[in-house]
Amino acid sequence: MSPPVPFDPDWIRQSSEMILEAGRAGCGLKIRGEGSKDFYGSMTNPEARVLTTLPHAGVVDYDPAELVVVARCGTPIQELESLLAKSRQMLAFDPPRFGGRGTVGGMIATGLSGPRRMSSGAAKDFVLGMTVLDAQAQALRFGGTVMKNVAGYDMSRLHTGAMGVLGLIVDVSLKVLPIPPADSTLIFEVGAQDAIDWANAWAGQPLPLAATCWQAGRLRVRLSGAAAAVRSAREKLGGELMPQAQADAFWQGLRDQQDEFFSVSSAAPGLHLWRLSVPSTTPHLTEINDEQWLEWGGALRWIKTQAPAAQLRAWASRHGGHATLFRAATDDARQQADVFTEPAAPLMKIHQRLKQELDGQCIFNPGRMYAGL
Amino acid sequence: MGIGARVALELKHSNEHQLLPFAVFRTKMNAPRELHLGELRFADFTQPMPASKRAALIQSLRDILPAQDILTTDEALRPYECDGLAGYRQMPSVVVLPTQESQVVEILKLAHRLDVPVVARGAGTGLSGGATPHRGGLILSLARLNTIVSIDPAARTARVRPGVRNAAISDAAAPYGLYYAPDPSSQIACSIGGNVAENSGGVHCLKYGLTVHNVLRIRAVTIEGEIVEFGSEALDAPGLDLLSLVIGSEGMLSVVTEVTVKLIPKPQLARVIMASFDNVEKSGHAVANLIAAGIIPAGLEMMDQKMTRAVEEFVHAGYDLQAKAILLCESDGTPEEVEEEIGRMKAVLSDSGATDLKVSETEEQRLRFWSGRKNAFPAAGRVAADYYCMDGTIPRAKLGEMLNRIAEMEVKYGLACMNVFHAGDGNLHPLILFDASKPGEFHQAELFGAEILESCVEYGGTVTGEHGVGLEKINSMCVQFSPQERIAFFAVKRGFDPAGLLNPGKAIPTLSRCAEYGKMHVHRGALKFPELPRF
């Protein structure tokens with residue numbers, strides 16, 4: 001059996017022409033799917049032409065027994081997940097679908113992961129291979145559809161979370177997992193620091209802990225796995241059992257950031273949503289008295305605040321983590337602040353050299369990650 | 001090549017650049033970027049270091065290290081002439097044994113200044129020649145950077161130096177009920193630095209992942225002597241994911257000086273099912289059926305009849321010698337969870353045509369069932385003079401077909417092959433048996449191996465699942481990757497190591513090397529001097 005043709009030849013031709021043209025003209029391209037993550041990352045040059053991935057949609061290959069799916073970049077995440085669900089499988093890293101939208105290309109280019117990330121792994125952990133168009137518009141294929149592959153450098157993981165600055169993702173092969181047979185959510189009334197301590201203690205025991213979220217004095221703990229394991233963990237942990245429909249809605253809402261807390265508005269121009277990624281045992285941030293949501297057993301802290309970037313970055317860095325200006329209230333604020341924490345100088349030098357080597361003409365998403373990259 | 005191979009061949013590899021003078025590259029218009037490959041200076045790594053350069057190097061090293069940590073005599077250098085790929089041997093110029101990161105920094109700065117190739121080395125158990133020395137270069141042994149810096153039971157992490165043995169991490173974490181999941185078969189000897197370099201797997205990686213899934217942070221030194229940190233002790237780090245890029249990069253991008261690994265809770269219980277099949281294709285389908293039923297076993301291994309017979313004689317594990325293939329299928333977790341899962345697994349295996357099922361009743365019995373699998377390589381070493389271990393990966397659905405193809409190749413090459421598979425991952429370890437003392441047999445074994453790897457690529461898989469490319473599979477890389485893809489790999493290499501001094505000539509073949517391999521390939525079986533080792 002020969003695999004189906006992975007590419008839509010018309011879209012590939014048009015995209016290749018745009019890449020080559022951008023290289024000649026010295027202007028950049030802004031790669032875009034549904035635009036659900038337009039708010040995320042630094043602003044690209046407004047003169048950059050938009051290269052749309054939407055026409056290149058569809059699942060190319062899916063065999064549930066292989067735990068692998070290959071999807072084109074323009075495939076809506078929800079479409080992919082509906083297909084997987086028919087075989088009782090899922091994307092275990094819970095990729096966010098902001099506003100219910102998002103495509104496979106954007107999902108991998110941003111590398112964002114949702115609540116289950118603490119137990120299942122991040123987007124990058126599920127990427128097995130991809131095809132990219134490089135700065136010469138050549139189709140390069142890295143990795144493949146097998147679980148283990150150490151031939152050559154892991155280019156597909158390098159492109160994951162690279163914000164599209166190294167090339168155009170054409171299709172991606174992803175490892176998928178079975179939907180756990182049992183799922184329960186417990187609620188505990190507890191303060192933030194205790195929630196962090198408890199979550200870390202539980203994560204060190206053989207419990208089917210899938211996700212945690214603390215907000216407003218309540219810790220929600222999601223248990224997923226074999227029915228027997230979930231049942232015994234419920235007995236062990238105590239707490240109050242959340243009605244299943246309510247629990248499902250809660251985790252989906254968290255994953256897609258539907259709560260009002262995650263939104264910002266130009267009506268409150270100084271109030272931004274920050275993402276603080278820190279070691280899970282980092283003490284609760286008490287210096288700033290604004291609302292916080294804690295996920296990933298304490299490793300992910302969301303805070304909506306007017307506090308200065310420098311203060312948040314200093315706190316995160318002191319604890320071995322980093323801070324991202326996830327949603328800026330205004331484009332001005334996004335343009336003025338660095339969205340992502342800049343790596344130390346020797347590491348930044350490697351970033352710059354890699355960009356120079358792989359996209360020396362700065363064709364792909366110029367500036368979306370760091371200025372000059 | 002497996003650890004049991006006793007054939008020793010002088011390196012005649014990679015001398016195609018002598019055959020194809022450098023000028024050829026300069027006239028190749030369609031490969032402009034390879035012109036900038038710093039590595040080409042060292043493409044022939046059989047060339048010794050000029051005596052004056054070596055003297056200057058040793059002199060400068062004495063400012064960095066105590067004299068006893070610099071090895072220069074033939075006698076002292078001999079143990080470093082090969083890694084686990086014992087068929088490829090070559091003496092290095094100098095070996096250094098730093099004990100501190102600051103010394104690593106100074107050694108790399110010196111190598112950079114004097115233009116000396118550097119091959120980093122851990123325990124030397126690698127199976128693909130990743131640590132084979134450069135005749136004109138330095139072996140940078142990290143074996144003495146071997147302390148466990150700290151264990152944080154609350155955060156479930158361990159900070160370790162690269163020379164720490166894989167199993168030592170789990171031993172140190174055991175008092176907290178935690179362990180480090182990746183378990184390559186060599187785990188009692190191999191070091192975490194080498195695991196990082198090769199992205200090592202093991203028998204439990206279907207459920208628990210490879211090295212790349214279990215490492216949070218790497219501290220490393222660049223060839224320019226700068227200290228860098230990839231990843232972090234948070235779950236992500238800003239910028240490009242260089243952590244994942246460095247893992248599995250075979251010592252070609254930077255030198256690791258510290259690793260933070262994830263520790264996970266030890267399962268309360270593990271039990272394994274041993275299932276017999278009267279036909280190898282059926283066992284392949286059973287693997288696919290387990291996965292399709294939504295089961296992710298903690299371990300899922302397959303052995304063919306030749307392999308079970310060889311190991312049974314060696315370890316007396318109680319294997320079914322009449323079975324054409326056996327599967328070992330493990331479940332771990334809480335006692336309730338294991339009972340539930342074992343029940344589901346047994347049902348699927350029976351429905352898939354298993355002729356016999358045995359479930360381990362005690363930990364002792366579980367370890368006995370596994371002992372055969374873990375001793376597959378030594379067992380092969382007992383029944384054959386030499387063996388050649390392959391490491392391709394294919395989609396699980398192709399396992400049965402692949403086994404049939406290998407059986408045909410046994411006839412074609414006149415050599416026997418025993419098969420052990422990490423079936424859950426589709427990762428094959430065919431062991432090709434040969435006798436190096438018989439003229440031409442090693443060459444036949446290499447051709448046999450190359451054909452297996454080509455079949456893996458044809459089935460949509462890869463030439464190496466967990467052992468790495470190193471020197472051994474460098475030609476097979478030409479089959480798996482296009483020239484453009486290999487140029488992209490070299491671009492990444494330059495991003496980290498523009499001078500091309502870190503482990504040059506390994507893992508990624510140059511365009512000319514592939515052109516040369518293509519020519520050999522066409523004429524396979526009709527080479528002018530078949531007894532000469534080629535690559």
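This text follows the structure it describes.
Remember, it's a predicted structure, so these values are computed and weren't measured experimentally.

Q: What's the story with the overall build of chain A in this structure? I'm lost.
A: When its secondary structure is counted, chain A shows 12 helices and 17 strands. A globule of 373 residues ought to have a C-alpha radius of gyration of about 21 Å, and chain A, at 21 Å, matches this closely. Taken over the C-alpha atoms alone, chain A extends approximately 60 × 55 × 35 Å along its principal axes. When each of the 373 residues of chain A is scored for burial, the buried share is 63%. Taking as baseline every contact in chain A between residues at least 6 positions apart, the subset at least 24 positions apart corresponds to 68%. Summed over all atoms, the accessible surface of chain A reaches about 13400 Å², with 51% contributed by carbon and sulfur. Charge centroids of chain A, computed over 36 positive and 37 negative side chains, lie 3 Å from each other.

Q: Help me out: how do you make sense of the state of the cysteines in this one?
A: In a disulfide, the sulfur atoms of two cysteines are held together by a covalent bond. All names here are of chain B. Counted according to the given criterion, the structure contains 1 disulfide over all chains. Between Cys-478 and Cys-514 runs a disulfide, and the two sulfur atoms are separated by 2.0 Å. When the S-S torsion is -80°, as for the bridge of Cys-478 with Cys-514, the disulfide is left-handed. Here Cys-478 is found in helix H18 (residues 476-480), whereas its partner Cys-514 is found in helix H20 (residues 511-522), with 36 residues between them in sequence. Judged by relative accessible area, which is 15%, Cys-478 ranks as buried.

Q: Even after reading the chapter, I still don't get the pairing of strand E15 (residues 292-295) of chain A, so can you show me in this structure?
A: One face of the sheet, then the other: side chains in a regular strand alternate in exactly this way. Residues and elements named next belong to chain A. Side chains of E15 alternate between two faces, with Gln-292 and Leu-294 and Trp-293 and Glu-295 buried alike. Relative to E15, strand E11 (residues 209-215) runs antiparallel, the two being bridged by 3 bridges. Directly across from Cys-213, in E15, lies its bridge partner Glu-295. Where E15 and strand E16 (residues 300-305) come together, 4 bridges link them in antiparallel fashion. Bridging across to E16, Glu-295 finds its partner in Leu-300.

Q: Is there a simple way to think about the nonpolar core in this case?
A: Soluble, globular proteins show a tendency: their nonpolar side chains are buried together. Counting 161 residues, the largest nonpolar core has Ile218(B), Phe230(B), Leu242(B), Val492(B) and Phe496(B) as the members making the most contacts within it. Take this core: its biggest share by element is 7 residues, from helix H17 (residues 441-458) of chain B. Residues within four places of Phe230(B) in sequence aside, it is in contact with Leu347(A), Ile350(A), Leu216(B), Arg217(B), Ile218(B), Ala220(B), Leu242(B), Leu243(B), Val246(B), Ser254(B) and Phe496(B). Formed by 28 residues, the second largest nonpolar core is a distinct cluster that contains Leu108(B), Val221(B), Val255(B) and Leu501(B).

Q: I tried to follow helix H16 (residues 399-413) of chain B on my own but got confused; where do I start?
A: Each full turn of the α-helix corresponds to 3.6 residues, which orients residues three or four apart in the same direction. All names here are of chain B. Its 15 residues give H16 an end-to-end C-alpha distance of 21 Å, which sits within 8% of 21 Å, the value for a rise of 1.5 Å per residue. Along H16, the residues that are buried comprise Leu-399, Gly-400, Met-402, Leu-403, Ile-406, Met-409, Glu-410 and Tyr-413. Next to the buried residues of H16 lie helix H11 (280-292), strand E15 (299-304), helix H12 (305-315), strand E19 (417-422), strand E20 (427-434) and H17. One or two residues past the end of H16 sits Gly-414, with phi positive at roughly 65°.

Q: Just to check I follow, could you spell out the packing of helix H3 (residues 51-61) of chain B against helix H5 (residues 101-114) of chain B for this structure?
A: Axis angle and axis distance: for two packed helices, these are the angle between their axes and the distance between the axes, and together they describe the pair. Residues and elements named next belong to chain B. Between H3 and H5, the shortest axis-to-axis distance is 11 Å and the interhelical angle comes to 155°. Of the possible angle classes, the one that applies to H3 and H5 is roughly antiparallel. Considering how the two elements wind past one another, H3 and H5 form a crossing that is right-handed. Contact residues: H3 offers Lys-53, Ala-56, Leu-57, Ser-60 and Leu-61, while H5 offers Ile-107, Leu-110 and Leu-114. Its residues assigned to classes, the contact of H3 with H5 shows 6 nonpolar, 1 polar and 1 charged.

Cut-offs applied
- Residues numbered from 1 in each chain as written.
- Chains lettered and ligands numbered in written order.
- Predicted model: local features only at pLDDT ≥ 70, side-chain atom pairs only at ≥ 80, totals over all residues.
- Heavy atoms only, no water.
- Helix = DSSP H or I, 4+ residues; strand = E, 2+ residues; numbered from the N terminus.
- Rg over C-alpha atoms; globule rule 2.2 N^0.38 Å.
- Buried < 20%, exposed > 50% of the residue type's maximum accessible area, 1.4 Å probe, protein only.
- Contact = heavy atoms within 4.5 Å.
- Areas by Shrake-Rupley, 256 points an atom, 1.4 Å probe, with all protein chains shown as cover.
- Lys, Arg positive; Asp, Glu negative; His and termini not counted.
- Charge placed at Lys NZ, Arg CZ, Asp CG, Glu CD.
- Disulfide = S-S within 2.5 Å.
- Pairing = 2+ DSSP bridges.
- Core = buried A, V, L, I, M, F, W, Y, C linked by side-chain atoms within 4.5 Å.
- Expected span 1.5 Å × (residues − 1).
- Axes fitted to C-alpha atoms, helices over the stretch in contact; angles between N-to-C directions.
- Parallel < 35°, antiparallel > 145°, perpendicular 65-115°, else oblique.
- Left-handed = near helix turned anticlockwise from the far one by under 90°.
- Nonpolar A, V, L, I, M, F, W, Y, C, P; charged D, E, K, R; others polar.

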